[in-house]
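Descriptive structure summary
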Amino acid sequence: MEQSKQEILQGMPKGRIAALLEVLGVSTKLGLTSFGGPVAHLGYFHNEYVRRRKWMDEQSYADLVALCQFLPGPASSQVGIGIGAVRAGLLGGLVAWIGFTLPSVIALVAFAFLLQGYDIAGAGWIHGLKIVAVAIVAQAILGMGQKLAPDRTRATVAVAAAVISLAWHTAYSQVLLIIAAGAVGWWLYRNKTAALAPALHIAISRTFAVCSLILFAVLLIALPLLRSAGEAGGGLALFDSFYRSGSLVFGGGHVVLPLLEREVVPAGWVSGEDFLAGYGATQAVPGPLFTFAGYLGAMAGGLPGAAVATLAIFLPAFLLVVGALPFWNGLRSSPAVQGALMGINAAVVGILLAALYDPLWTTAILDPLDFALALILFVLLVFWKLPPWIVVLAGAAGGMLLG
């Protein structure tokens, strides 16, 4: 019992309130500076939570990323929720989500009210932020690859995952790749002893976790039934549309866009032109792409609509992470699961490598000067070890100069 108390205190060294404020502060900083989409977010998280603050070791971080790749919803937000929950319990996961999400929600809701139709997608500083994302992801791949794909076999798994990801780009390809890599890892490493990652201290009961999973399923089934039995419009219809969109998306934030378009444009909540304008604005703000829901909700129903849409699209992600985390330590301590994770972690490196090329490289590196700026930013991160926010500012300034 005494050892258990010490472990819990070790996870929250400054007390519960201080730990929550610490998580909120760090996640808010990431929410203000994490440009570049979900793949770049994982790079920012890796740099802040693993390399700088050491809240989590490399293997545990990769395991958490692998778990969130399995789950539907916004993977980067789920990783952030998971890290917050590990650091400061259930409320830690909640404040980590608030800090990472709220800045971009506020910006997009303001855009919906004040800047509708203003085209900023081609601005030079936006292009510079895309180049920053290339440097951030390249740094993350370098660090993760050295630790998670250090030998010939796992490097081969990583490269194979990258090749298949580039050749077979669908919403479900990443999930199937991770399952296949897990099977390969289980077959190759099931009888080998590997270093066991430190246990994640998760202050969430299994009973609460099971209730979260049940609630996820009940809402997914009941909301459409309630909507069809009642009025087609109103807050219930909005909540149902965004909850289902957040529940059924595999493969990252970009995949949710066609689902949302089918939900909001035919219903007359948002015009096609306003939908595209909001999508352009979403590319210009930091934080998760799912915050596009805040813009759409504001267009459909003002501030109440923005709140409903944002909560509805992220609720499945929160319920799934909270429901899975308490069982994760037991699963990953199994020799068979540990072998599978060795293959999965290598595949995650490969998937990140593929994403570095498409969409990041293909949309950001358009000429030799773009490549030169990316190299400079990479050196600032890896060798000069400057804070990411300085590199973000340098990238934005460089993009303006190039523009």
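Residues numbered from 1 in each chain as written. Predicted model: local features only at pLDDT ≥ 70, side-chain atom pairs only at ≥ 80, totals over all residues. Heavy atoms only, no water.

**Considerations on the overall build of the chain**
- The number of helices and strands found in the chain is 16 helices and zero strands.
- Looking at the 403 residues of the chain, the share that counts as buried comes to 53%.
- Sequence-distant contacts, at least 24 apart, represent 76% of the contacts inside the chain between residues at least 6 apart.
- Roughly 17,600 Å² of accessible area belongs to the chain as shown, and the carbon and sulfur atoms make up 70% of that amount. (Helix = DSSP H or I, 4+ residues; strand = E, 2+ residues; numbered from the N terminus. Buried < 20%, exposed > 50% of the residue type's maximum accessible area, 1.4 Å probe, protein only. Contact = heavy atoms within 4.5 Å. Areas by Shrake-Rupley, 256 points an atom, 1.4 Å probe, with all protein chains shown as cover.)

**Notes on the environment of Pro 387**
- With respect to the element layout, Pro 387 can be found in the loop between helix H15 (368-382) and helix H16 (388-402).
- Residue classification places Pro 387 among the partly exposed positions, given a relative accessible area of 29%.
- For the pair Pro 387 and Asn 47, spaced 340 residues apart in the sequence, the C-alpha separation amounts to 9.1 Å.

**A closer look at empty space enclosed by the protein**
- What the rule picks out here adds up to one cavity of 30 Å³ or more.
- Along its surface, the largest cavity is lined by Lys 29, Leu 30, Thr 33, Glu 48, Pro 388 and Trp 389.
- Among the secondary structure elements, those contributing two or more residues to the lining of the largest cavity are helix H2 (16-33) and H16.
- Top element by residues in the lining of the largest cavity is H2. It accounts for three residues.
- The class makeup of the residues in the lining of the largest cavity is three nonpolar, one polar and two charged. (1 Å grid on protein atoms, 1.4 Å probe; cavity = no way out; pocket = protein on both sides within 12 Å on 5 of 7 lines; lining within 4 Å. Points joined across faces, edges and corners; volume = space filled by probe spheres on them. Nonpolar A, V, L, I, M, F, W, Y, C, P; charged D, E, K, R; others polar.)

**Observations concerning the nonpolar core**
- In this structure, Tyr 61, Val 79, Phe 242 and Leu 296 are the most contacted members of the largest nonpolar core, which totals 108 residues.
- Residue contributions to this core peak at 18 residues, all from helix H13 (residues 292-332).
- Ignoring anything within four residues of it in the chain, the contact list for Val 79 reads Leu 42, Phe 45, Tyr 61, Leu 64, Val 65 and Cys 68. (Core = buried A, V, L, I, M, F, W, Y, C linked by side-chain atoms within 4.5 Å.)

**Re the packing of helix H4 (residues 58-70) against helix H14 (residues 335-364)**
- Remark: H4 packs on H14, axes separated minimally by 9 Å, with the N-to-C direction vectors making an angle of 80°. When the interaxial angle is binned, H4 and H14 end up roughly perpendicular. Residue-level contacts link Ala 62, Asp 63, Val 65, Ala 66 and Phe 70 of H4 to Leu 341, Ile 344, Asn 345 and Val 348 of H14.
- Taken together, the residues that form the contact of H4 with H14 break down as seven nonpolar, one polar and one charged. (Axes fitted to C-alpha atoms, helices over the stretch in contact; angles between N-to-C directions. Parallel < 35°, antiparallel > 145°, perpendicular 65-115°, else oblique.)

**Quick look at helix H10 (residues 234-247)**
- For H10, which comprises 14 residues, the first-to-last C-alpha distance of 20 Å matches the rise-based estimate of 20 Å (1.5 Å per residue) to within 8%.
- When H10 is considered as a whole, its buried residues turn out to be Ala 237, Leu 238, Asp 240, Ser 241, Phe 242, Tyr 243, Ser 245, Gly 246 and Ser 247. (Expected span 1.5 Å × (residues − 1).)

**So, the packing of aromatic side chains**
- With the rule as written, the count across this model stands at twelve aromatic pairs.
- Between Phe 216 and Tyr 243 the ring centres are 6.4 Å apart and the planes differ by 45°, which places this aromatic pair in the tilted class. Here the residue Phe 216 occupies a position in helix H9 (residues 206-229), and Tyr 243 occupies one in helix H10, the gap between them amounting to 27 residues.
- With relative accessibility at 0%, the residue Tyr 243 sits in the buried group. (Phe/Tyr/Trp six-rings, centres within 6.5 Å; stacked < 30°, edge-to-face > 60°.)

**A few points about the pattern of salt bridges**
- Throughout the structure, instances matching the rule amount to eight salt bridges.
- Taking the shortest distance from any N to any O, the salt bridge between Glu 48 and Lys 29 comes out at 3.1 Å. Residue Glu 48 is located in helix H3 (residues 38-52), and its partner Lys 29 is located in helix H2; the two are separated by 19 residues in the primary sequence.
- Its relative accessible area of 26% is what places Lys 29 among the partly exposed residues. (Salt bridge = Lys/Arg side-chain N within 4 Å of Asp/Glu carboxyl O.)

**Regarding a positive patch on the surface**
- A cluster of basic residues, Arg 51, Lys 54, Lys 147 and Lys 385, forms a positive patch on the protein surface.
- Along the polypeptide, Lys 54 turns up in the loop between H3 and H4. (Patch = residues over 30% accessible without salt bridge, like charges linked within 9 Å, V, L, I, M, F, W, Y side chains within 5 Å. Lys, Arg positive; Asp, Glu negative; His and termini not counted. Charge placed at Lys NZ, Arg CZ, Asp CG, Glu CD.)

**So, the side chain of His 127**
- With respect to the helices and strands, the residue His 127 is situated in helix H6 (residues 124-148).
- On the basis of relative accessible area, His 127 is assigned to the buried category, the value being 17%.
- Residue contacts for His 127: discarding those within four places in its chain leaves Thr 363, Ala 364, Leu 366 and Asp 370.

**Let's talk about a nonpolar patch on the surface**
- The grouping of Ile 17, Leu 21, Leu 24, Leu 91, Leu 94, Ile 98, Leu 102 and Ile 106 at the surface amounts to a nonpolar patch, some 690 Å² of accessible area in total.
- Broken down by element, the residue count for the nonpolar patch peaks at five residues, all from helix H5 (residues 75-114).
- Summarising the element assignment, Leu 94 is placed in helix H5.
- Take Leu 94: its relative accessible area is 33%, and that puts it in the partly exposed class.

**Concerning the environment of Glu 58**
- Tracing the sequence through the fold places Glu 58 in helix H4.
- Taking the C-alpha atoms as reference points, Glu 58 and Leu 148, separated by 90 residues in sequence, lie 8.3 Å from one another.
- Not counting residues within four places of it along the chain, the set of residues in contact with Glu 58 comprises His 46, Val 50, Met 144 and Lys 147.

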